[in-house]
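The chain contents come next:
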Number of protein chains: 2
Amino acid sequence: MALPVSPLAPASYPELPEVAGVRFATAEAGIKYKNRTDVLLVAFEEGTSVAGVLTRSLCPSAAVDWCRERLAGGVARGLLVNSGNANAFTGEKGRAAVAKSAHFAAEALGCSTDEIFLASTGVIGEPLDAGKFEGPTRDMAGRLASAPFMEPARAIMTTDTFPKLATASVEFDGVPVVISGIAKGSGMIAPDMATMLSFIFTDAPIAAPVLQKLLGPAIDRTFNAITVDSDTSTSDTCLVFATGKAGIEPIASAEDPRAAIFAQALEDVLHELAILTVRDGEGATKLVTVSVEGAVSDQSAFRIGMAIANSPLVKTAIAGEDANWGRIVMAVGKAGEPAERDRLSIAFGDITVAENGERAPGYDEAATSAYMKGDTLEIRVRLGMGEGRAQVYTCDLTHGYITINGDYRS
Amino acid sequence: MALPVSPLAPASYPELPEVAGVRFATAEAGIKYKNRTDVLLVAFEEGTSVAGVLTRSLCPSAAVDWCRERLAGGVARGLLVNSGNANAFTGEKGRAAVAKSAHFAAEALGCSTDEIFLASTGVIGEPLDAGKFEGPTRDMAGRLASAPFMEPARAIMTTDTFPKLATASVEFDGVPVVISGIAKGSGMIAPDMATMLSFIFTDAPIAAPVLQKLLGPAIDRTFNAITVDSDTSTSDTCLVFATGKAGIEPIASAEDPRAAIFAQALEDVLHELAILTVRDGEGATKLVTVSVEGAVSDQSAFRIGMAIANSPLVKTAIAGEDANWGRIVMAVGKAGEPAERDRLSIAFGDITVAENGERAPGYDEAATSAYMKGDTLEIRVRLGMGEGRAQVYTCDLTHGYITINGDYRS
């Protein structure tokens, strides 16, 4: 199934700078796809710390289980990723496959299997033949390089219609620190074909517990604030690797003033990758930011934002370029969070369509219709209940989504 | 927008018997639709008790607010329903409109406004011109009749493609008691056009608090166990009116042995109407029962069932006649309820496709494919965690849904 490139794809891709201590290679292991790379090996120099956020699914893939156990160690020397098979719901065979995969990677890189991280994406329930990694892994280990990042970004794609890359840098005492990342995802999920995976590489010297502490809130505002179809993958994985090769004093505490600066740059990279994932949402033709203000708490605002962002009726209305604020009222009402109809205001971009529980007096239908034709929209909801706020990101629900997910038998 | 009749529509409609103490009429008030009835007046004889379940939306319609306040009284003499305008998110104007509507109905039927119940369905946010009810209500009051029920069933339709009627009867000491009901809904929701409304009429003599007590659990297993698109209407309303005209001793307590028999018949009617609503789900081509067994509790089973029934990926897979059990694993995993991959079993009908955390050894692809071509399917999930069970009902997600909800500007 060859998919057309998303109309929301970026016009160009950033060229990511090398990250000291990070080398990689890709190969064709023939897991599922033909004539394209489908496996990625990344090698980290000694002293690399790692932090990560994994799917909340209670039926996670074998690779997710593997990573969760190894994250406690906080040390990484290698990362092996494949596309085409998620190795999820594969029982004992799945556990054996990850152990075998880690063994091949550890042998090729000369480290312990507990320093190897794994991620898989693709079809669920099919046993993964880890034997297919043996030759390619040895081969990749012999030709590791530190550029170009476009190669790993492409090797991890499944139903993605474009590769996803982002980078940022900060300076501490005149020394630059690089943060570069790649991601895949085309649907917040879609365990059959897609799933969200993201790998971030930095040369910052930063202790694993600090990295983990900074990563959590950043993920909450980025990858955990996007939705394509409300479904949660069995394989969602975001891992951050810090090689420590930048010539600055180590960041050993989250209270170090540099930690906040680093965290902001990390969040910028995660934000860019998360938005690219929504832009490649299955069938997406419009990118929508849902901004909720005036909730009783930030968490309440987030839940209301997600109720709107996940509503099939809101998403189909956007696909129809219909400023259908009645459906937004519906979604606010179903969120189960404190809200009062008579205090509620709704705007599309800068155009207020409803306020104080009814249609805005000066509502301009023509201006709103023109606004809805854009491909980047904002829905703003003010609740008038408190100070809580949140932003979440979604896309429209179109015939394209049905075609990708329903018009075939796998 | 003329919609083709759902392929899941019933082959014929039941002829509902008269219910002593219930008379009704319909009229064309011209609220939105042309050349069809859009308003229903029902009159109840003195002594009629009423119970009801209303939407959980925190932004309910003005009519829902009105009913919630009057249900405490437990007494009904009239019901006025319109289609075409939901009178939701209409602020002070909406409250004035329901008061005016109740006034017209009370005047026409010669009772107090507090004995009048109201329901509205249709577009949200448009002020409802209650003045349009004045003439039709007076006219309807002059030609009340006790048959045929097809007329009220048609007058309350919006995007429904067929009318929904069901009936049951029980005998107590040789005396028959009738329970007949009508419903509309074409989507569990869809506040712009649809919404779920249901009105049940019985001649049983049953006190309002008892009726309310019996209704709640029955609704949980019927109308609250169906979903078309996970969105919750601002107007969902189910009201049960008991005229007390059947010649039996009043049922004054839920402990009366006849209460359980009556409750089962009531649930049968609600079940039939709920299933008809899913059969008329927007774009539906398949009716799906999701049965969950072995959860830690019934509530946990219900939540897992709803996670499956609401998953866009599960619903598009069914549309594609794809026995994609990986997506069911995904939905179980995201439900957030106790589950263990290695104890999970999944079947389509009688065909087990996965067990103990992996594909079933004897999985028969051809038999499963043949099964998926049917228009009435069952997904069975066994969790192996406990004794909790639940059944929920959904439909597939097709291009038809997108066309109905996204291919137009309202």
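All values derive from a computational prediction rather than experimental measurement. (Residues numbered from 1 in each chain as written. Chains lettered and ligands numbered in written order. Predicted model: local features only at pLDDT ≥ 70, side-chain atom pairs only at ≥ 80, totals over all residues. Heavy atoms only, no water.)

**Student:** Where do I start with the overall build of chain A in this structure?
**Tutor:** Within chain A one finds 11 helices and 15 strands. The C-alpha atoms of chain A give 22 Å as radius of gyration, which agrees with the globular expectation for 410 residues (22 Å, within 12%). In terms of overall dimensions, chain A has a C-alpha envelope of 70 × 55 × 40 Å along the principal axes. Buried positions account for 62% of the 410 residues belonging to chain A. Partitioning the intrachain contacts of chain A with sequence separation of at least 6 by distance along the chain shows that 80% fall at a separation of at least 24. Carbon and sulfur atoms make up 50% of the accessible area of chain A, which amounts to about 14100 Å² in all. Here chain A contributes 35 positive and 51 negative side-chain charges, whose respective centroids are spaced 4 Å apart. (Helix = DSSP H or I, 4+ residues; strand = E, 2+ residues; numbered from the N terminus. Rg over C-alpha atoms; globule rule 2.2 N^0.38 Å. Buried < 20%, exposed > 50% of the residue type's maximum accessible area, 1.4 Å probe, protein only. Contact = heavy atoms within 4.5 Å. Areas by Shrake-Rupley, 256 points an atom, 1.4 Å probe, with all protein chains shown as cover. Lys, Arg positive; Asp, Glu negative; His and termini not counted. Charge placed at Lys NZ, Arg CZ, Asp CG, Glu CD.)

**Student:** Explain the packing of helix α1 (residues 62-71) of chain A against helix α2 (residues 91-109) of chain A here, please?
**Tutor:** Packed helix pairs are specified by the crossing angle of their axes together with the interaxial distance, meaning the distance between the axes. Residues and elements named next belong to chain A. Two elements in contact, α1 and α2, have axes whose closest approach is 9 Å; the angle formed by their N-to-C orientations is 60 degrees. In this view, α1 runs oblique relative to α2, as classed from their interaxial angle. Read as a crossing pair, α1 and α2 show a hand that is right-handed. Counting all contacts with α1, which are made through Ala62, Ala63 and Trp66, the residues of α2 involved are Gly94, Arg95, Val98, Ala99 and Ala102. (Axes fitted to C-alpha atoms, helices over the stretch in contact; angles between N-to-C directions. Parallel < 35°, antiparallel > 145°, perpendicular 65-115°, else oblique. Left-handed = near helix turned anticlockwise from the far one by under 90°.)

**Student:** Teacher, can you tell me more about the packing of helix α8 (residues 312-319) of chain A against helix α9 (residues 325-334) of chain A here?
**Tutor:** Residue and element names in this part refer to chain A. For the pair α8 and α9, the least separation of the axes is 9 Å and the interaxial angle reads 160 degrees. When the axes of α8 and α9 are compared, the pair comes out roughly antiparallel. For the element pair α8 and α9, the recorded crossing hand is left-handed. Within the contact between the two elements, α8 uses Leu313, Val314, Thr316 and Ala317 and α9 uses Arg327, Ile328, Met330 and Ala331. Here the residues of the contact of α8 with α9 sort into six nonpolar, one polar and one charged. (Nonpolar A, V, L, I, M, F, W, Y, C, P; charged D, E, K, R; others polar.)

**Student:** I would appreciate a short explanation of the environment of Ser297 of chain B in the present structure.
**Tutor:** Residue and element names in this part refer to chain B. Relative to the helices and strands, Ser297 resides in the loop between β10 (287-295) and α7 (298-310). With a relative accessible area of 28%, Ser297 lands in the partly exposed category. When neighbours within four sequence positions are excluded, Ser297 is seen to be in contact with Gly388 and Arg389. Among the polar contacts listed, one links the side chain of Ser297 to the backbone nitrogen of Ser300, at a separation of 3.0 Å. (Polar contact = N/O pair within 3.5 Å; in protein donor to acceptor, adjacent residues only side chain to side chain.)

**Student:** Whenever I open this one, the sheet that holds strand β11 (residues 345-348) of chain A confuses me. Can you help?
**Tutor:** Residues and elements named next belong to chain A. Ordered in space as β13-β12-β11-β14-β10-β15, the six strands form an open sheet in which the pairing is mixed. The outermost strands of the open sheet, each flanked by one partner alone, are β13 (358-359) and β15 (388-395). Across two bridges, the pairing between strand β12 (residues 351-355) and β13 is antiparallel. Directly across from Ala354, in β13, lies its bridge partner Arg359. (Pairing = 2+ DSSP bridges.)

**Student:** In this structure, what is going on with helix α1 (residues 62-71) of chain B? I would like to understand it.
**Tutor:** Within an α-helix, residues lying three or four positions from one another point in the same direction, as the helix has 3.6 residues per turn. In terms of burial, α1 of chain B is largely enclosed, as seven of its 10 residues are buried. Where α1 of chain B is buried, its residues touch β3 (49-54), α2 (91-109), β5 (116-123) and β9 (237-242) of chain B.

**Student:** Please explain the relation of the copies chain A and chain B as it appears in this structure.
**Tutor:** The relation between the two chain copies is a rotation about an axis coupled with a shift along that axis. When chain A is brought onto chain B, the operation consists of a screw motion whose angular component is 180 degrees and whose axial shift is 0.0 Å, with 0.0 Å RMSD remaining. Given the turn and translation reported, the copies of this chain are related as if by a two-fold rotation axis. Distance from the rotation axis, computed per C-alpha, reaches its smallest value in chain A at His399 of chain A: 2.9 Å. In this assembly, 100% of the residues forming the interface of chain A have copies in chain B that are likewise at the interface, indicating an isologous arrangement. (Least-squares fit on C-alpha atoms with pLDDT ≥ 70 in both.)

**Student:** I would appreciate a short explanation of the UniProt feature "binding site: substrate" (unreviewed entry) in chain A in the present structure.
**Tutor:** Per the UniProt entry, the sites bearing "binding site: substrate" (unreviewed entry) are Thr158, Lys184, Thr195, Glu282, Asn405 and Ser410 of chain A in this numbering. Under the relative-accessibility criterion, Thr158 of chain A is labelled buried at 9%. (UniProt positions renumbered as here; feature names shortened; annotations may be inferred.)

**Student:** Please explain the sheet that holds strand β3 (residues 49-54) of chain A as it appears in this structure.
**Tutor:** Sheets are built from strands that pair by backbone hydrogen bonding, the pairs being arranged parallel or antiparallel. Residue and element names in this part refer to chain A. What the five strands build is an open sheet, ordered β3-β9-β8-β7-β6; its pairing is mixed. Edge positions in the open sheet fall to β3 and β6 (164-172), since each of these has one partner strand only. For this sheet, the mean inter-axis angle between neighbouring strands, taken without regard to orientation, is 15 degrees. Of the pairings in the sheet, the one linking β3 to strand β9 (residues 237-242) comprises six bridges and is antiparallel in character. Of the residues in β9, the one forming a bridge with Val50 is Phe241. Strands β3 and β9 of the sheet are contacted by helix α5 (residues 208-221), whose axis makes an angle of about 30 degrees with β3. Contacts from helix α6 (residues 257-279) reach β6, β7 (175-184), β8 (197-202) and β9, with the element oriented near 165 degrees to β6.

**Student:** So what exactly am I meant to see when it comes to the domain arrangement of chain A here?
**Tutor:** When the parts come together, some accessible area is lost, and that loss is often what is quoted as the size of the interface. All names here are of chain A. Entries for chain A in the domain assignment read domain 1 (22-279) and domain 2 (287-406). Between the C-alpha centres of domain 1 and domain 2 there is a distance of 33 Å. Opposite the 13 residues of domain 1 that make contact, domain 2 presents 13 residues. Summed over both sides, the interface between domain 1 and domain 2 buries roughly 1100 Å², with carbon and sulfur atoms accounting for 63% of that surface. By the criterion of area lost to domain 2, the three top residues of domain 1 are Ala225, Thr227 and Val278, representing 39% of everything that side buries. (Domains from an automatic or database assignment. Buried area = accessible area lost by both parts, 1.4 Å probe.)

**Student:** Help me out: how do you make sense of the side chain of Ser300 of chain B in this one?
**Tutor:** For Ser300 of chain B, the location among the structural elements is in helix α7. In this structure the side chain of Ser300 of chain B is engaged in a polar contact, spanning 2.9 Å, whose partner is the side chain of Glu337 of chain B.

**Student:** So what exactly am I meant to see when it comes to the interface of chain A and chain B here?
**Tutor:** Taken residue by residue, the interface counts 71 residues in chain A and 71 residues in chain B. Between chain A and chain B, a total of about 5600 Å² is buried, with carbon and sulfur atoms accounting for 53% of that surface. Remark: the boundary between chain A and chain B carries eight salt bridges. Where Lys93 of chain B meets Glu358 of chain A, a salt bridge forms, and the shortest distance between an N and an O atom there is 2.5 Å. Applying the counting rule to chain A against chain B returns 23 residue pairs in polar contact (both at pLDDT 80 or more). Those elements that place two or more of their residues in the side of chain A that touches chain B are α1, α2, α8, α9, β13, α10 (365-372) and α11 (399-406) of chain A. (Salt bridge = Lys/Arg side-chain N within 4 Å of Asp/Glu carboxyl O.)

**Student:** Quick question: what am I supposed to make of the pairing of β6 of chain A here?
**Tutor:** Within a regular strand, the side chains alternate between the two sheet faces. Strand direction decides the pairing type here: β6 of chain A and β7 of chain A, joined by nine bridges, are antiparallel. If you follow Thr167 of chain A over to β7 of chain A, its bridge partner there is Ser180 of chain A.

**Student:** For this particular structure, what's the right way to read the state of the cysteines?
**Tutor:** Residue and element names in this part refer to chain A. Enumeration according to the criterion identifies zero disulfides over all chains in this entry. Cys67 carries a free sulfur, and the closest cysteine sulfur to it, the one in Cys238, is 11 Å from it. You can call Cys67 buried: its relative accessible area is 0%. Here Cys111 is not disulfide-linked; the sulfur of Cys67 is the nearest cysteine sulfur, at 13 Å. For Cys111, a relative accessible area of 18% puts it in the buried group. (Disulfide = S-S within 2.5 Å.)

**Student:** It is not clear to me how the packing of aromatic side chains should be interpreted in this structure. Could you clarify?
**Tutor:** For any two aromatic rings, the description comes down to two numbers: the centre-to-centre distance and the angle of the planes. All names here are of chain A. For the structure shown, the criterion picks out 14 aromatic pairs over all chains. Ring plane angle 50 degrees and centroid distance 4.9 Å describe the contact between Phe24 and Phe149, whose orientation is recorded as tilted. In this pair, Phe24 is assigned in strand β1 (residues 22-27) and Phe149 in the loop between α3 (134-141) and α4 (150-155), connecting sequence segments 125 residues apart. Each member of the pair, Phe24 as well as Phe149, carries the same accessibility label: buried. Following the ring pairs from residue to residue traces out a cluster consisting of Phe24, Phe44, Phe117, Phe149, Phe201 and Phe241. The ring of Tyr33 is capped by Arg36, whose NZ or CZ atom sits 4.2 Å from the centre of that ring. (Phe/Tyr/Trp six-rings, centres within 6.5 Å; stacked < 30°, edge-to-face > 60°. Lys NZ or Arg CZ within 6 Å of the ring centre and 35° of its normal.)

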